[in-house]
Amino acid sequence: MKSTANTLLRQWSGPLSADLVRTLGNFGLGQVPARLMPDATAKMVCGFCSTGCGLTAHLKDGQAINLSPDPDYPVNMGMACPKGWEALTPLAAHDRATTPLLRNPSTGKLEPCDWDHALQVFTLKFKALLDQHGPDSVAWIGTGQITSEELAFLGALGKFGMGLRHGDGNTRQCMATSVVAYKQSFGFDAPPYTYADFEQSDVLMFVGSNLCVAHPILWQRVLRNKNSPEIIVIDPRRTETAMAATQHLGIAPKSDLVLLYGTAQALIERGAVQQEYVAAHTTGFDEFSNFVQQFTAEVTCKCTGLSHAAFEKFVSSIERGKAVSFWWTMGVNQGHEATRTAQAIINLALMTGNIGRPGTGANSITGQCNAMGSRLFSNTTNLIGGHEFTNPEHREKIAHTLGIPMERIPTQNSWAYDQILDGVQAGVIKGLWIVATNTAHSWIGKHKDLLSKLEFLVVQDMYSSTDTAQQAHLVLPAAAWGEKEGTFINSERRFGVLKKVARAPGQALADFNIFRLISHYWGCDGLFREWTSPQAVFQILKRCSAGQPCDITGIEDYRHLEHAGGIQWPYPAGAQDNSRERRLFENGRFFTPDAKARFLFEPPKPVPEPPDAEYPFTLLTGRGSSAQWHTLTRTDKSDVLRKLSPSKLYVEINPRDAKRLKLSAGQQVTISTRRGETQASVLITATVQPGNIFLPMHFEGTNKLTLPVVDPYSRQPSYKHCAAKIC
Ligand SMILES: Nc1nc2c(c(=O)[nH]1)N[C@H]1C(S)=C(S)[C@@H](COP(=O)(O)OP(=O)(O)OC[C@H]3O[C@@H](n4cnc5c(=O)[nH]c(N)nc54)[C@H](O)[C@@H]3O)O[C@H]1N2
Ligand SMILES: Nc1nc2c(c(=O)[nH]1)N[C@H]1C(S)=C(S)[C@@H](COP(=O)(O)OP(=O)(O)OC[C@H]3O[C@@H](n4cnc5c(=O)[nH]c(N)nc54)[C@H](O)[C@@H]3O)O[C@H]1N2
Ligand code: SF4
Ligand SMILES: [Mo]
């Protein structure tokens with residue numbers, strides 16, 4: 001085994017010889033994804049945000065030398081944001097992980113080792129922990145930023161192959177609320193819209209969504225709307241998007257639920273309910289209607305801080321709209337009552353019949369390039385293909401489809417991200433494998449020393465320099481977007497294809513191939529005989545999706561996807577509808593047993609940590625600029641992107657508060673909360689209300705401060721509200 005692995009890996013970064021092809025074949029890696037594109041150009045989707053823009057890579061000797069937006073791709077129509085234009089630059093960074101790195105216990109340093117050694121240690125350490133402490137003791141944390149085929153492999157390997165009980169993804173930080181809200185209300189995690197809806201509405205409502213910064217190309221789609229639409233932004237901050245809107249509702253932070261219930265009540269009072277739609281396609285409206293009576297205009301305006309005039313204008317816009325679309329992002333999903341808030345948006349769409357028609361919908365916009373792939377195929381909280389671990393029929397179907405014994409499939413859901421980290425804190429989880437996420441930076445209210453409690457931490461990343469990799473016992477070097485193939489699913493449910501247009505540096509391997517090797521070293525590759533290449537796994541995903549709302553059995557292969565300009569799920573075998581834009585629920589039938597959508601609601605709860613005399617400010621966090629991606633591991637590698645964004649942590653503060661505290665622009669201050677403190681420079685701006693401050697999430701100090709509270713249904717962290725002080 002050792003010599004095979006080493007021959008294979010030594011040659012990996014070299015040119016593709018007939019020998020290597022044979023070795024890969026012998027090793028079971030099958031069809032060689034390492035083949036570089038022969039064409040002069042290659043079309044692929046972007047690897048940053050969930051918009052899923054089409055890009056054209058311009059190739060020389062099979063390697064990409066430049067990128068441009070694809071004019072024919074139905075998503076972006078020739079547009080791209082700065083990250084898309086600069087997407088090749090992070091691949092060439094000096095801190096790429098190029099060999100496995102193992103921590104030397106005597107020096108405490110990470111030192112290069114070969115793959116064979118790395119994977120033997122991986123297997124020995126994790127197996128020893130599992131033998132000694134049982135299946136709870138080792139877990140993984142995944143991502144929404146690797147391909148669907150890789151996510152499926154990681155989940156299947158972790159649960160069915162290695163016998164781990166617990167694995168979750170960074171999608172928990174991001175989309176868990178939408179998943180639960182949709183599942184409970186619609187019967188399946190099914191965002192209903194297509195991007196054409198941005199252009200076809202006459203009223204668009206954005207709740208907790210800063211589209212101009214976070215999804216700039218989707219904002220371009222809004223700008224193509226020819227109906228002179230009313231654009232309403234609900235955000236405590238006057239963001240770039242709020243400034244460009246026709247109405248900005250600058251509500252008190254986390255007063256959304258009251259606003260949305262108050263809006264429902266006002267629409268009921270005005271007789272604006274689509275009674276026929278409600279009767280035919282929903283359940284629970286009468287109870288909902290009784291419940292919202294208490295949210296009078298008085299109560300609503302008092303709680304949200306809105307004027308009566310602003311509230312009335314807003315309600316009238318929804319009442320008069322012929323095609324109203326309701327969009328939401330992290331201002332909703334990251335909250336202490338997030339699921340019910342998302343459902344309060346869904347309720348408005350249902351009661352006004354704004355769903356299933358052009359320009360309508362209760363529409364959660366996803367974040368990472370493959371958040372949707374993670375939701376449907378990662379085997380974390382859903383069984384692969386949007387199935388349920390707790391449902392014996394689903395387990396049987398998947399066992400049969402994958403050709404694995406049914407006993408390999410856990411009968412319970414795994415712990416969520418926060419529960420896994422609580423397990424680490426409590427010493428129950430002793431081994432953790434982190435793939436394509438930077439937990440030490442991005443997790444809420446993090447404790448610097450949490451990961452050091454682990455007996456064995458493996459980090460699989462394209463860089464060895466991340467905050468998380470720096471704490472690892474073992475670093476596995478991963479190829480990045482552009483260096484491998486597979487598929488991503490964007491916000492409007494569209495599968496798009498990735499291409500290999502660059503060689504991974506050194507011995508870095510595609511995550512797919514790392515999983516393949518691990519299955520071999522672990523001794524469970526017998527379960528994965530068919531999992532030889534991303535293309536082969538795509539065929540497996542198709543089979544797992546059969547009969548589900550996300551059925552994609554009608555998509556042939558990557559070539560089909562490429563020629564069609566991506567394909568939205570569902571696309572079952574025999575699908576006749578080849579339109580480039582497709583939305584769900586046009587027939588009014590939902591995925592619940594009675595085919596009706598549910599009105600779900602609950603009394604609003606006070607925020608867990610309101611500001612007080614000691615910590616008088618409300619701290620909000622989120623995206624800072626369109627040139628910065630999350631923890632900056634990628635975007636900070638580009639000179640261009642660095643020039644387009646601030647280089648240090650800053651705190652946005654209202655001029656009134658700055659004056660009262662005698663703060664001047666650029667001054668260094670300490671922001672503290674009950675969890676910790678960080679330094680930031682003062683940015684005086686009226687975009688935040690008096691009493692609120694805002695920190696971008698891109699710098700490591702921010703999550704020293706945030707409050708580790710999660711929504712009770714989705715367990716998504718509430719990154720956007722806690723009490724803070726400035727000194
Ligand atoms: N440039 C860039 N683009 C990105 C990303 C990135 O890192 N950089 N990340 C991607 C990912 S993974 C995601 S999930 C998306 C996130 O996209 P967005 O959700 O649009 O981004 P955020 O800035 O996190 O949050 C949106 C807004 O929520 C507001 N907010 C805070 N509290 C509340 C509240 O109580 N109520 C309401 N209504 N609003 C509130 C904030 O002021 C903020 O303006 O962006 C994606 N796109
Ligand atoms: N305060 C605050 N915190 C937040 C948020 C907020 O609004 N406020 N938002 C939350 C949200 S919505 C999100 S999505 C998370 C994001 O948080 P993270 O997922 O931690 O952010 P990234 O920087 O995107 O981390 C991705 C990691 O994967 C690596 N990587 C990239 N491509 C590949 C690949 O192909 N293979 C492998 N193996 N590695 C790869 C990158 O180098 C990077 O280290 O942050 C959350 N944290
Ligand atoms: S909007 Fe998103 S998908 Fe499009 S180019 Fe920018 S980062 Fe890439
Ligand atoms: Mo996200």
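The shown structure was predicted, so the numbers you read here are calculated from the model rather than taken from an experiment.

**Considerations on the state of the cysteines**
In the structure shown here, the tally under the stated rule is 0 disulfides. C544 provides the cysteine sulfur closest to C550, a residue in no disulfide bond, and the two sulfurs are 9.7 Å apart.

**Here's the deal with the nonpolar core**
Formed by 122 residues in total, the largest nonpolar core has its most connected members in F122, F126, F314, M351, W433 and W569. For this core, the domains that each give at least three residues are domain 1 (101–174 + 370–484 + 510–550) and domain 2 (192–364). Apart from residues no more than four positions distant in its own chain, F126 is found in contact with V138, M162, G431, L432, W433, F456, V458 and W522. Among the nonpolar cores identified, the runner-up in size contains 47 residues, and Y73, L204, C369 and Y463 belong to it.

**A look at the confidence of the model for the protein chain**
Averaged over every residue, the pLDDT of the protein chain is 94; residues scoring 70 or more account for 94%. Confidence drops under a pLDDT of 50 for residues 1–34, and excluding neighbours within four residues, the segment shows 61 contacts in the predicted structure.

**Some words on the sheet that holds strand β22 (residues 650–653)**
Here we have 6 strands rolled up into a closed barrel, ordered β21-β25-β22-β24-β23-β26, and mixed in their pairing. Strand-to-strand, the axes of this sheet are offset by a mean angle of 45 degrees, without reference to chain direction. Alignment of β22 against strand β24 (residues 677–684), held across 4 bridges, turns out to be parallel. Pairing of Y650 across the sheet is with S681, part of β24.

**Describing the packing of aromatic side chains**
For any pair of aromatic rings, geometry is given as the distance between the ring centres together with the angle between the planes. Counted under the stated rule, the structure contains 37 aromatic pairs. Ring centres of F126 and F456 lie 5.2 Å apart, and the angle between their planes is 75 degrees; on these two criteria the pair is classed as edge-to-face. Of the two residues, F126 is situated in helix α4 (residues 115–133) and F456 in strand β15 (residues 456–461); the sequence distance between them amounts to 330 residues. When its relative accessible area of 0% is taken as the criterion, F126 is described as buried. The class for F456 is buried, based on a relative accessible area of 2%. Three or more aromatic residues joined by ring pairs make a cluster, and in this case those are F122, F126, F153, W433, F456, F512, F515, W522, F528 and W531. Positioned above the aromatic ring of W569 is the side chain of R493, whose terminal nitrogen or guanidinium carbon lies 5.6 Å from the ring centre. Above the face of the Y615 ring, K725 is positioned so that its terminal group lies 4.9 Å from the ring centre.

**Focus: the sheet that holds strand β13 (residues 361–364)**
Pairing is parallel in the open sheet, where 5 strands are placed in the order β10-β9-β8-β12-β13. Single-partner strands in this sheet number two, and they are β10 (247–249) and β13. The average angle at which neighbouring strand axes cross in this sheet is 15 degrees, direction not considered. As paired strands, strand β8 (residues 203–207) and strand β12 (residues 324–328) are joined by 5 bridges and run parallel to one another. Across the sheet, residue M205 finds its bridge partner in β12, namely F326.

Quick notes on the rules
Residue numbers here run from 1 along each chain, matching the order of that chain's written sequence. Chains carry letters from A onward and ligands carry numbers from 1 onward, assigned in written order. Restriction of local features to residues with pLDDT of at least 70 applies here, the model being predicted, together with a cutoff of 80 or more for giving and counting side-chain atom pairs; totals for whole chains, interfaces and linings are based on all residues. With hydrogens and water stripped out, all remaining heavy atoms of the structure feed into the side-chain values. A pair of cysteine sulfur atoms is labelled a disulfide when the two atoms are within 2.5 Å. Here, nonpolar core means buried Ala, Val, Leu, Ile, Met, Phe, Trp, Tyr and Cys residues that are tied together by side-chain atoms lying within 4.5 Å of each other. The buried label applies to any residue whose accessible area, calculated with a 1.4 Å probe on protein chains only, is under 20% of its type's maximum; exposed applies above 50%, and partly exposed to all values in between. For the purposes of this description, domain bounds are those given by an automatic or database domain assignment. Here a residue-residue contact requires only that any non-hydrogen atoms of the pair lie within 4.5 Å. For every residue, the predictor states its confidence as a pLDDT score lying anywhere from 0 to 100. For two strands to count as paired, DSSP must find a minimum of two bridges between them. Secondary structure is summarised from DSSP: a helix means a run of H or I of at least four residues, a strand means a run of E of at least two, and numbering begins at the N terminus for each. Note on method: axes are straight lines fitted to C-alpha atoms, helices fitted across the in-contact stretch only, with angles between N-to-C directions ranging 0 to 180 degrees. Within 6.5 Å between ring centres, the rings of Phe, Tyr and Trp (the latter by its six-membered ring) count as paired, and their orientation is classed by plane angle as stacked under 30 degrees, edge-to-face over 60, tilted in between. Whether a charge sits over a ring depends on NZ of Lys or CZ of Arg being within 6 Å of the ring centre and within 35 degrees of the ring normal.

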